[in-house]
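One-letter residues, chain by chain:
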Amino acid sequence: MSFFSNYQSDKCPGTINGNPTNGLNEKVCVQVKRVFDACISQNRIDNMTVTLTDFVPADPAFPLTFISARSTTTDGQVSNLQIDRLQDRQNCARVQATVTIPIEVLYTDANGVEGVATASYTINYDVILFVPQPSIMPYAVEAVVSFVAPEGTYINETTFNISGCLTVILKVVMEVELLVPSYGYCAIPPCQEYTNEICTGFFELPLYPQGANRIQPPQVR
């Protein structure tokens, strides 16, 4: 079983049926990362030049043939952060930042041996976001990244020219203790083991066709 495997309990996450206040029994203080604002940027990046490092296996036979490339983590590295509050828009600010995306490049070398190397891509952003007022607890600007590149061209021993799709989500966040309504603790169901049962479905069929007792005999004239 799991929360969503036909486990019936009012102490599990899922769709609320009926009055949503039924079952609320306390206010709970939870420590979470609150997102004050966020925006998404999606772009096709053409002819980006990446420099390869940390070849595995080491010392591949050149030239290399590109297979694919993708980001190695969803955490982008934010640097060169500059925040300027806008006087004409309350709590909004101009946020300038550089986001670096770690990338993994797959290739085959001249001997047909598959290998992998690391690289990175850096992009600048200049956006407007809601920024909370100064407080004891500091806010931070984070980046969630995803990159995939199906096309690439070998340039030289450490360089590829690749094209791909990039998604970056910029977020203004803060670690907070938040008061939320609670239905109490979750009821954790037992795990349901996966089995590849070849007779599943077959044994569930009825012994005889459904509705056979409703078949009318032919009329005799």
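The structure presented is a predicted model; accordingly, all values stated were derived computationally and were not measured.

1. Details of the nonpolar core
Part 1 of the argument: Counting residues in hydrophobic clusters, the biggest one holds 34 residues, and the most contacted among them are Leu52, Ile101, Phe160, Ile162 and Leu166.
Part 2 of the argument: Taken together, the elements giving at least two residues each to this core come down to strand S1 (26-51), strand S3 (65-71), strand S5 (92-108), strand S6 (114-130), strand S7 (140-156) and strand S8 (159-182).

2. Overview of unusual backbone geometry
Part 1 of the argument: Residues Val56 and Pro57 are joined by a peptide bond in cis, for which omega reads 0°.
Part 2 of the argument: Tracing the backbone shows Pro57 in the loop between strand S2 (53-56) and S3.
Part 3 of the argument: Within the chain, Asp54 stands out as a residue other than glycine whose phi angle is a positive 55°.
Part 4 of the argument: For Asp54, the location among the structural elements is in strand S2.
Part 5 of the argument: Look at Asn80: it is not a glycine, yet its phi comes out positive at around 50°.
Part 6 of the argument: When its relative accessible area of 60% is taken as the criterion, Asn80 is described as exposed.

3. Structural notes on the side chain of Lys171
Part 1 of the argument: Relative to the helices and strands, Lys171 resides in strand S8.
Part 2 of the argument: With sequence-adjacent residues up to four places away left out, Lys171 is seen in contact with Val35, Asp37, Ala38, Ala140, Val141, Glu142 and Val144.

4. Observations regarding the environment of Glu104
Part 1 of the argument: Here Glu104 lies in strand S5.
Part 2 of the argument: The partly exposed category is assigned to Glu104, whose relative accessible area is 31%.
Part 3 of the argument: Put simply, Glu104 and Glu193 are 89 residues apart on the chain and 34 Å apart in space, counted from C-alpha to C-alpha.
Part 4 of the argument: Not counting the four nearest positions on each side in its chain, Glu104 is found in contact with Ser68, Ala69, Arg70, Thr72, Val116 and Ala117.

5. Focus: the layout of surface pockets
Regions of empty space are outlined by a rolling probe, equal in size to a water molecule, passed over the atoms.
Part 1 of the argument: The calculated volume of the largest pocket comes to roughly 560 Å³.
Part 2 of the argument: Forming the walls of the largest pocket are 21 residues, and the residues nearest its centre are Ser9, Asp10, Lys11, Cys12 and Thr15.
Part 3 of the argument: Residues that form the lining of the largest pocket fall into these classes: ten nonpolar, nine polar and two charged.

6. Topic: the packing of aromatic side chains
Part 1 of the argument: Summed over the entire model, instances satisfying the criterion amount to five aromatic pairs.
Part 2 of the argument: Summarising the aromatic geometry, the rings of Phe55 and Phe62 are spaced 6.4 Å apart at their centres and angled 90° between planes, so their arrangement reads as edge-to-face.
Part 3 of the argument: For Phe55, a relative accessible area of 19% corresponds to the buried category.
Part 4 of the argument: Taking relative accessible area as the criterion, Phe62 reaches 32% and is therefore assigned partly exposed.
Part 5 of the argument: A centroid spacing of 5.8 Å and a plane angle of 70° characterise the contact between Tyr154 and Phe160, whose relative ring orientation is edge-to-face.
Part 6 of the argument: Under the relative-accessibility criterion, Phe160 is labelled buried at 0%.

Quick notes on the rules
Residues numbered from 1 in each chain as written. Predicted model: local features only at pLDDT ≥ 70, side-chain atom pairs only at ≥ 80, totals over all residues. Heavy atoms only, no water. Core = buried A, V, L, I, M, F, W, Y, C linked by side-chain atoms within 4.5 Å. Buried < 20%, exposed > 50% of the residue type's maximum accessible area, 1.4 Å probe, protein only. Helix = DSSP H or I, 4+ residues; strand = E, 2+ residues; numbered from the N terminus. Contact = heavy atoms within 4.5 Å. 1 Å grid on protein atoms, 1.4 Å probe; cavity = no way out; pocket = protein on both sides within 12 Å on 5 of 7 lines; lining within 4 Å. Points joined across faces, edges and corners; volume = space filled by probe spheres on them. Nonpolar A, V, L, I, M, F, W, Y, C, P; charged D, E, K, R; others polar. Phe/Tyr/Trp six-rings, centres within 6.5 Å; stacked < 30°, edge-to-face > 60°.

Keep in mind these numbers describe shape, not what the thing actually does.
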